[in-house]
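These are the residues of each chain, in order.
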Amino acid sequence: MSVSTMTSLPAAPAPAPLDEAADLAARLLAALGFDLTSSELAATPGRMVRALKEMTTPPTFTATDFETTAEPGQLVLVRDIRFVSMCEHHVLPFTGIAHIGYVPRKRILGLSKVARVVHHCARRLQVQERLTGQIADWMVEHLDPAGVAVLLSAEHTCMTLRGVGATGSRTTTSSLRGVLLDDPAARAEFMSLAVSAP
Ligand SMILES: [Zn+2]
């Protein structure tokens, strides 16, 4: 068993007093023209700051791993992991699903921990492209597998709810490492199972 240490990820922001952030949120809302003296909005800055803090604070977890029981070359695939992250350009959420596949060498990860890796990497200010690569790098660093494949599909509310208003559009990104990058047959197996398996 090993404890998660995110050497490839930036450290979480230093804890700052949320009352100072709430004061600044109140000024922001006032500058946008909202009347903070109304009773309806009085507690909004504090709620806004706590929500932002929660959505950008990566949950820590213990990455339980085991001696592999997989056959040599066996693909382990965890599909349809729902996640929410925050676009670092607009500080608006993007939400989607992740499919994580890997070919173990000596270690396998507890299956529920695969989802925890996704949430750990997602709960911060992010861009989808970097998030995809960080999940793959975490798997490589902690399990030293023969290959890793990460496929994310997400809706970015900064694009679907504002701006171009591209309602329903999704963005897909992949990061491949090792045999799942280099071996076309292994890559094809991952892609077909990730996209079409029941
Ligand atoms: Zn954005």
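What counts, and at which threshold
Residues numbered from 1 in each chain as written. Predicted model: local features only at pLDDT ≥ 70, side-chain atom pairs only at ≥ 80, totals over all residues. Heavy atoms only, no water. Helix = DSSP H or I, 4+ residues; strand = E, 2+ residues; numbered from the N terminus. Buried < 20%, exposed > 50% of the residue type's maximum accessible area, 1.4 Å probe, protein only. Donors = N, O, S within 2.8 Å, 3.2 Å for Na, K, Ca; no water. pLDDT = per-residue confidence, 0-100. Contact = heavy atoms within 4.5 Å. UniProt positions renumbered as here; feature names shortened; annotations may be inferred.

Moving on to the environment of Ala-185. Residue position: Ala-185 is located in helix 7 (residues 184–196). Accessibility expressed as a relative area gives 55% for Ala-185, which makes it exposed. Between the C-alpha atom of Ala-185 and that of Glu-88, which follows or precedes it by 97 residues, the distance is 36 Å.

As a further point, take the coordination of the zinc ion. Every protein donor of the zinc ion is listed here as Cys-87 (SG), His-90 (ND1) and Cys-158 (SG), and their distances to the metal cover 2.1 to 2.3 Å. Site description for the zinc ion: donor spacing in sequence, C-x2-H-x67-C. With His-90 in the loop between strand 4 (76–87) and strand 5 (92–103) and Cys-158 in helix 5 (residues 157–160), the pair connects residues that are 68 residues apart, well separated along the chain.

Scored by pLDDT, the protein chain has a mean of 90; 92% of the residues are at 70 or more. A low-confidence stretch, residues 1–6 stays under pLDDT 50, and its non-local contacts, those more than four residues away or across chains, total 17 contacts.

The subject of this paragraph is the UniProt feature "binding site: Zn(2+)" (unreviewed entry) in the protein chain. The positions UniProt marks with the feature "binding site: Zn(2+)" (unreviewed entry) are Cys-87, His-90 and Cys-158. Despite a sequence span of 72 residues, these residues sit close together in the fold, their greatest C-alpha distance being 7.8 Å. Tracing the sequence through the fold places Cys-87 in strand 4. By relative accessible area, Cys-87 is classed as buried at 5%. For Cys-87, the contacting residues outside a window of four places in its chain are Leu-92, Phe-94, Leu-125, Gln-126 and Cys-158.

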